[in-house]
Amino acid sequence: MSLFSGTIQTLENSLNYATVKNRAIAHNISNADTPNYKAKNVQFNEVLKNQLSNQFEAKQTNERHLPFSTNNSGIKVTTDRSTMYNHNGNNVDIDKEMSELAKNQIYYQALVDRINGKFNSLQSVIRGGN
């Protein structure tokens, strides 16, 4: 039985995704002038869709068995080698990266606000509604 019905874990995984994406964007921005640097991108939806299509399900046959879970978070960092924007072989589009950074920061902050709300609700319940 899950105490939080999976909400906290889902928020945690989402925060991990946002963190990895922010790191990739920061690397792209910092290497915008590096010759032959290829932009990195973080994929989640495609990996999730592939996992959901597998229809693999594990079952516990005894309550003393450890629960089955995979450590694969579904986050995949890829390198785009198919394009070249600059004369030096670099393919970082600084405007796109800055836009992605702003969008990711808003997403991350929304997740932090949501998880804070969850913990504040739990704290209120623990204190008896005060």
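Residues numbered from 1 in each chain as written. Predicted model: local features only at pLDDT ≥ 70, side-chain atom pairs only at ≥ 80, totals over all residues. Heavy atoms only, no water.

Peer 1: Let's hear about the overall build of the protein: which residues, and what values?
Peer 2: Looking only at helices and strands, the protein features three helices and two strands. Secondary structure of the protein in N-to-C order comes out as α-β-α-β-α. Per-residue burial for the protein yields a buried fraction of 22% across its 130 residues. Residue pairs at least 24 apart in sequence account for 79% of intrachain contacts in the protein once pairs closer than 6 positions are excluded. A total accessible area of about 10000 Å² is found for the protein, and carbon and sulfur atoms account for 52% of it. (Helix = DSSP H or I, 4+ residues; strand = E, 2+ residues; numbered from the N terminus. Buried < 20%, exposed > 50% of the residue type's maximum accessible area, 1.4 Å probe, protein only. Contact = heavy atoms within 4.5 Å. Areas by Shrake-Rupley, 256 points an atom, 1.4 Å probe, with all protein chains shown as cover.)

Peer 1: Account for the side chain of Asn-28, with residues named and values stated.
Peer 2: You can see Asn-28 is positioned in helix 1 (residues 7–30). In this structure Asn-28 touches Tyr-37, Ala-39, Lys-40, Val-92 and Glu-97, once residues within four positions along its chain are discounted.

Peer 1: Pulling in residues and values, what's your account of the packing of aromatic side chains?
Peer 2: In this description, an aromatic ring pair is defined by two values, namely the gap between the centres and the angle between the planes. The tally for this structure, following the rule as stated, stands at one aromatic pair. Ring plane angle 80 degrees and centroid distance 6.3 Å describe the contact between Tyr-17 and Tyr-107, whose orientation is recorded as edge-to-face. Of this pair, Tyr-17 sits in helix 1 while Tyr-107 is found in helix 3 (residues 94–126), placing the two residues 90 residues apart along the sequence. On the basis of relative accessibility, which here comes to 35%, the residue Tyr-107 falls in the partly exposed class. (Phe/Tyr/Trp six-rings, centres within 6.5 Å; stacked < 30°, edge-to-face > 60°.)

Peer 1: Account for the pattern of salt bridges, naming residues and giving values.
Peer 2: One pass over the structure, following the stated rule, counts three salt bridges. For Lys-21, the salt bridge identified is with Glu-100, shortest N-O distance 3.5 Å. In this pair, Lys-21 is assigned in helix 1 and Glu-100 in helix 3, connecting sequence segments 79 residues apart. Exposure class is identical for Lys-21 and Glu-100. Each is buried. Glu-97 is the salt-bridge partner of Lys-96, the closest N and O atoms lying 3.9 Å from each other. Counted as one network, the salt bridges with shared partners bring together Lys-21, Glu-100 and Lys-103. (Salt bridge = Lys/Arg side-chain N within 4 Å of Asp/Glu carboxyl O.)

Function-wise, these values are silent; they only describe arrangement.
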